[in-house]
Amino acid sequence: MKVTHTHACPIAAALNVIGDRWTLLIIREAFYGAVRFGEIRRNTGISRNILSDRLNSLVADGILEKVKYADRGTSYVYHLSEKGRALETVLGALLQWGNEYIYGEGAEPVQLVEKASQRPIKAFAPVDSEGRVVARQDVTFNAGPGANNATRKRLADAAEAGAIS
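One structure accompanies this document, and this report is about it. (Residues numbered from 1 in each chain as written. Predicted model: local features only at pLDDT ≥ 70, side-chain atom pairs only at ≥ 80, totals over all residues. Heavy atoms only, no water.)

**With respect to the overall build of the protein chain**
- Within the protein chain, the regular secondary structure consists of seven helices and two strands.
- Its helices and strands in sequence order give the protein chain the pattern α-α-α-α-β-β-α-α-α, from N to C terminus.
- At 19 Å, the protein chain has a C-alpha radius of gyration far larger than the 15 Å of a compact globule built from 165 residues.
- Judged by the C-alpha coordinates and their principal axes, the protein chain covers about 65 × 40 × 30 Å.
- Here the protein chain holds 165 residues, and 22% of them are scored as buried.
- Intrachain contacts of the protein chain at a sequence separation of at least 6 include 37% that bridge at least 24 residues. (Helix = DSSP H or I, 4+ residues; strand = E, 2+ residues; numbered from the N terminus. Rg over C-alpha atoms; globule rule 2.2 N^0.38 Å. Buried < 20%, exposed > 50% of the residue type's maximum accessible area, 1.4 Å probe, protein only. Contact = heavy atoms within 4.5 Å.)

**Considering the packing of aromatic side chains**
- Under the counting rule described, the total for this entry stands at one aromatic pair.
- Taking the centre distance of 5.8 Å and the plane angle of 40° together, the rings of Trp97 and Tyr101 count as tilted. One end of the pair, Trp97, and the other, Tyr101, are both in helix α6 (residues 88–103), four residues apart, so they sit about a helical turn from each other.
- Its end group placed over the ring of Trp22, Arg21 keeps NZ or CZ at 4.6 Å from the ring centre.
- The ring of Tyr76 is capped by Lys66, whose NZ or CZ atom sits 4.3 Å from the centre of that ring. (Phe/Tyr/Trp six-rings, centres within 6.5 Å; stacked < 30°, edge-to-face > 60°. Lys NZ or Arg CZ within 6 Å of the ring centre and 35° of its normal.)

**Some details on helix α7 (residues 149–160)**
- For α7, spanning 12 residues, the distance from its first C-alpha to its last is 16 Å, which sits close to the expected 16 Å at 1.5 Å a residue.
- Between the side-chain oxygen at the start of α7 and the backbone nitrogen of Ala150 there is a gap of 3.2 Å, and the oxygen is on Asn148.
- Phi turns positive one or two residues past the end of α7, at Gly162, with a value near 80°. (Expected span 1.5 Å × (residues − 1). Polar contact = N/O pair within 3.5 Å; in protein donor to acceptor, adjacent residues only side chain to side chain.)

**Some words on the nonpolar core**
- Within the largest apolar cluster, 16 residues are counted, with the highest numbers of intra-cluster contacts made by Ile26, Ile27, Leu55 and Leu64.
- Contributions of two or more residues to this core are made by α2 (21–32), α4 (48–60) and β2 (74–80).
- Leaving out residues up to four positions away in the same chain, Ile27 has contacts with Ile18, Leu58, Ile63, Leu80, Leu87 and Leu91. (Core = buried A, V, L, I, M, F, W, Y, C linked by side-chain atoms within 4.5 Å.)

Here is the structure:
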């Protein structure tokens, strides 16, 4: 699938889809099980017009699926799609970062825990193509097959300057 974006950067492209505060809070609510417009609105404090706009965008981008729900007339519920569920590691990493750097140990409002043991998960970690955990210092940024010349140069310059290894 060929995708065209104004920047040859997956971070910029992702932020174009999920980068605003309200969008991430709506996705959080979907992970927490809120599926109805009113629930999401109540739990986030978002205004009706912004919520409606963001829900429509999330449906259009394939992150949420809008499903008819019969309840006093026709209404809808919103469920995470496979693409939306794939954001679990993004939200989990933000949650852990917020716990560590904003709230601090012992004051975490929400923790990720392993279901069976109920022990907190320490951190999301990168894994290689065979599923082995890769140490953070052993990860670097390389130009991918979709990189343009500007991205290749920027990454090469950063590596040469020692900013990335």
